[in-house]
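One letter stands for each residue in the lines below.
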Amino acid sequence: MGRAVICDIFRRRSIRRHRHLPETAPLNRISHVRNVLVSWGAFVISALAGLFLSPFVVKSLGTSGFGVWVIVTSLTGSLNFLDLGVRSAVIRFVAREHARGDHTAASRFVATARLLLLGAGALVLLASAGFAVGLEHWFTIPAPLVNEARLVLILSALTLALVLSNGVLAGTISGLQRLDVIGLTDAALELARIGLILAALSAGGGLLGLVTVGLVLALARTVVFRHYARRLYPELQPQLRRPTREDVVAILSVSAYSTLIYSAVGAVNQLSAIIIGAALPTAMVAYYSIGATLPIYAAALNRPIAQTVHPRASRLDALGDADGLRTMILDTARYSALVLLPLVLTFVLRGRTFIGVWMGDEFREPSGNVLAVLSLGIVLNGTRHVMQAAFFGSGRHKSLAPWYLGEAAITIALTAAVVVPFGIEGAAWAAVVPGAVVTLGVFPVLAQRGFGIGPARLVGHTLLRPLAAMLPFAFVLYVMDARVTASGYVSFFAQVAAALPVAILGAWTIGLRADERIAATAAIRRRLARGGT
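Every value quoted in this text rests on a predicted model; they were computed, and no experiment measured them.

Caption draft 1: The overall build of the chain, seen in detail. Looking only at helices and strands, the chain features 18 helices and zero strands. The buried share among the 533 residues of the chain stands at 51%. Partitioning the contacts of the chain with sequence separation of at least 6, the portion at a separation of at least 24 is 85%. For the chain, the accessible surface area stands at approximately 23,700 Å², while carbon and sulfur atoms represent 66% of it.

What follows is the structure in structure tokens.
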């Protein structure tokens with residue numbers, strides 16, 4: 001007992017001492033907004049690129065060829081769990097040690113993480129070689145594409161190995177709360193990707209052209225991130241040497257559970273396409289993938305919001321600010337829902353119309369039905385990702401692992417059971433229902449235990465209030481889809497844009513608190529005043 005009291009006294013003194021270090025000055029709200037806005041800019045470029053490129057890619061490869069591409073990338077993507085959660089550990093340790101001013105410790109952790117991910121990259125290459133051997137036996141791949149698919153699989157694995165090693169650099173930059181650097185880099189590379197894919201497929205490069213573009217851009221991303229990691233944190237000097245047992249244990253104590261959680265998420269995301277490809281014709285994978293593309297973009301829209309939570313949670317937890325941590329979680333989850341709901345409602349109520357405009361009548365019903373179902377889980381996943389980042393940042397994520405694993409096992413089993421009798425729409429429902437049960441039934445209990453946030457407060461603040469704010473927007477969309485037709489991109493987006501002011505008004509009057517409206521108004525006035533001078 002006496003030892004615990006003494007340790008607590010030293011911990012409190014350490015917190016007070018660290019509060020006065022220059023390194024611990026937290027980023028202000030403007031910095032966080034900048035991070036989110038820059039990341040959103042990268043998202044907009046990526047989404048527009050996807051919308052523009054997808055019809056061109058499907059037409060260039062053919063429906064079956066595109067299905068093969070999805071299967072191959074899903075196989076390599078299923079190996080993402082070999083990241084071992086190390087990137088999350090890097091974010092946590094860099095944020096913590098930089099705040100404490102202990103650059104030596106930060107350097108040791110980063111060096112150890114780098115070695116762990118180099119080993120993970122080697123395992124990716126070995127596993128992919130095994131996948132390549134059994135590829136034609138597991139899937140109904142057209143005979144002319146089998147050899148090309150094998151080579152694409154190996155090159156895709158090499159790209160993933162590079163991306164994994166890049167995780168240390170990205171984690172360092174994220175731990176320093178400079179997500180704007182990551183966003184700007186991704187935006188520039190996305191623009192390059194558009195041009196390279198157009199050139200590769202126009203020249204008849206096919207599947208090999210696509211995978212080569214990905215490999216080149218992964219190399220470029222590594223070079224840029226290495227430059228910025230050194231520039232932003234010059235005191236960081238990771239040396240490639242044999243890591244100490246203590247450092248490995250420290251990283252794995254964080255990353256072991258991260259691995260379980262991210263493996264569960266990756267299994268659900270990647271194995272759905274693999275199961276569909278094994279049970280149904282390859283073209284069905286293409287229909288499912290097109291329907292799942294827009295929810296993936298929506299998740300990318302939420303990612304910048306959730307990414308700001310991890311380092312902030314680490315800092316607030318290190319400073320012992322429990323009230324600040326609770327407020328940050330609730331407000332960020334609410335903002336996330338307010339951002340995602342307009343997209344979700346558009347996908348559910350007008351998704352089939354957009355799929356027909358985007359990809360053609362062949363995809364309208366099968367892909368549109370998948371889109372409508374998968375969209376139902378977007379808002380719940382947005383709230384969950386914010387909560388998940390807070391659990392990781394504060395070191396409370398161990399309690400999440402059993403639930404994620406159980407959800408993944410049930411989802412995979414359901415998908416395998418329903419895909420033949422109910423097709424790709426049944427697979428979509430299998431992907432949504434278990435996650436909704438965990439988000440609504442389990443996460444409120446975990447939030448109360450971990451952060452002292454009551455279930456009623458969590459659900460009301462982060463889901464019910466944003467839903468109430470968006471009901472008028474949903475009504476307008478419903479009437480619009482029933483009475484107005486969209487003949488092309490321009491008319492469709494013009495119709496949605498005409499309804500958006502209703503969503504903005506609902507978010508302003510119902511979604512935000514009075515003090516938030518006052519603060520936002522003052523910030524806008526200051527910005528306008530500076531612009532006028």
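Caption draft 2: The packing of aromatic side chains, seen in detail. Inspection of every chain in the model, using the stated rule, returns 12 aromatic pairs. Ring plane angle 70 degrees and centroid distance 5.0 Å describe the contact between Tyr-287 and Phe-363, whose orientation is recorded as edge-to-face. Of the two residues, Tyr-287 sits in helix 9 (residues 282-307) while Phe-363 sits in helix 12 (residues 361-375), which places them 76 residues apart along the sequence. Both residues of the pair, Tyr-287 and Phe-363, belong to the buried class. A ring pair is formed by Phe-492 and Phe-493, whose centres lie 5.6 Å apart and whose planes are at 85 degrees; its orientation type is edge-to-face. Here Phe-493 falls in the partly exposed class, since its relative accessible area comes to 39%. An aromatic cluster of three or more residues is present, and its members are Phe-354, Trp-358, Tyr-489, Phe-492 and Phe-493.

Caption draft 3: Structural context of empty space enclosed by the protein. A complete count under the given rule lists four cavities of 30 Å³ or more for this structure. Computed from the structure, the second largest cavity encloses a volume of approximately 60 Å³. Lining the second largest cavity are Thr-383, Met-387, Thr-439, Leu-440, Phe-443, Pro-444, Leu-458, Val-459, Thr-462 and Leu-463. Counting residues per element, the ones that place at least two in the lining of the second largest cavity are helix 13 (378-393), helix 14 (401-441), helix 15 (443-451) and helix 16 (455-483). In terms of residues, the lining of the second largest cavity owes the most to one element, helix 16, which gives four residues.

Caption draft 4: Inspection of helix 10 (residues 309-318) at higher detail. Burial within helix 10 is extensive, with seven of its 10 residues counted as buried. If you check which residues of helix 10 are buried, you get Val-309, His-310, Pro-311, Ala-313, Ser-314, Arg-315 and Leu-316. Packing partners of the buried residues in helix 10 comprise helix 3 (86-100), helix 5 (146-175), helix 9, helix 11 (322-359) and helix 13. Positioned one or two residues after helix 10, Gly-320 has a phi angle of 70 degrees, which is positive.

Caption draft 5: Structural context of the packing of helix 9 against helix 14. Contact pair helix 9 / helix 14: the axes reach a minimum separation of 10 Å and the direction vectors enclose 50 degrees. Here helix 9 lies oblique to helix 14, going by the angle between them. Seen along the crossing, helix 9 lies across helix 14 with a hand that is right-handed. Of the residues in helix 14, those touching helix 9 at Met-284, Tyr-287 and Tyr-288 are Ile-424, Ala-427, Ala-428 and Ala-431. Along the lines of polarity and charge, the residues of the contact of helix 9 with helix 14 split into seven nonpolar, no polar and no charged.

Caption draft 6: The arrangement of the confidence of the model for the chain in detail. Confidence along the chain averages 83 in pLDDT terms, with 90% of residues attaining 70 or more. Mean pLDDT values for the elements of the chain range from 38 in helix 1 (residues 2-19) up to 93 in helix 17 (residues 489-511). For residues 1-28, every residue scores under 50 in pLDDT, and the model assigns this stretch 22 contacts once sequence neighbours within four places are set aside.

Conventions used here
Residues numbered from 1 in each chain as written. Predicted model: local features only at pLDDT ≥ 70, side-chain atom pairs only at ≥ 80, totals over all residues. Heavy atoms only, no water. Helix = DSSP H or I, 4+ residues; strand = E, 2+ residues; numbered from the N terminus. Buried < 20%, exposed > 50% of the residue type's maximum accessible area, 1.4 Å probe, protein only. Contact = heavy atoms within 4.5 Å. Areas by Shrake-Rupley, 256 points an atom, 1.4 Å probe, with all protein chains shown as cover. Phe/Tyr/Trp six-rings, centres within 6.5 Å; stacked < 30°, edge-to-face > 60°. 1 Å grid on protein atoms, 1.4 Å probe; cavity = no way out; pocket = protein on both sides within 12 Å on 5 of 7 lines; lining within 4 Å. Points joined across faces, edges and corners; volume = space filled by probe spheres on them. Axes fitted to C-alpha atoms, helices over the stretch in contact; angles between N-to-C directions. Parallel < 35°, antiparallel > 145°, perpendicular 65-115°, else oblique. Left-handed = near helix turned anticlockwise from the far one by under 90°. Nonpolar A, V, L, I, M, F, W, Y, C, P; charged D, E, K, R; others polar. pLDDT = per-residue confidence, 0-100.

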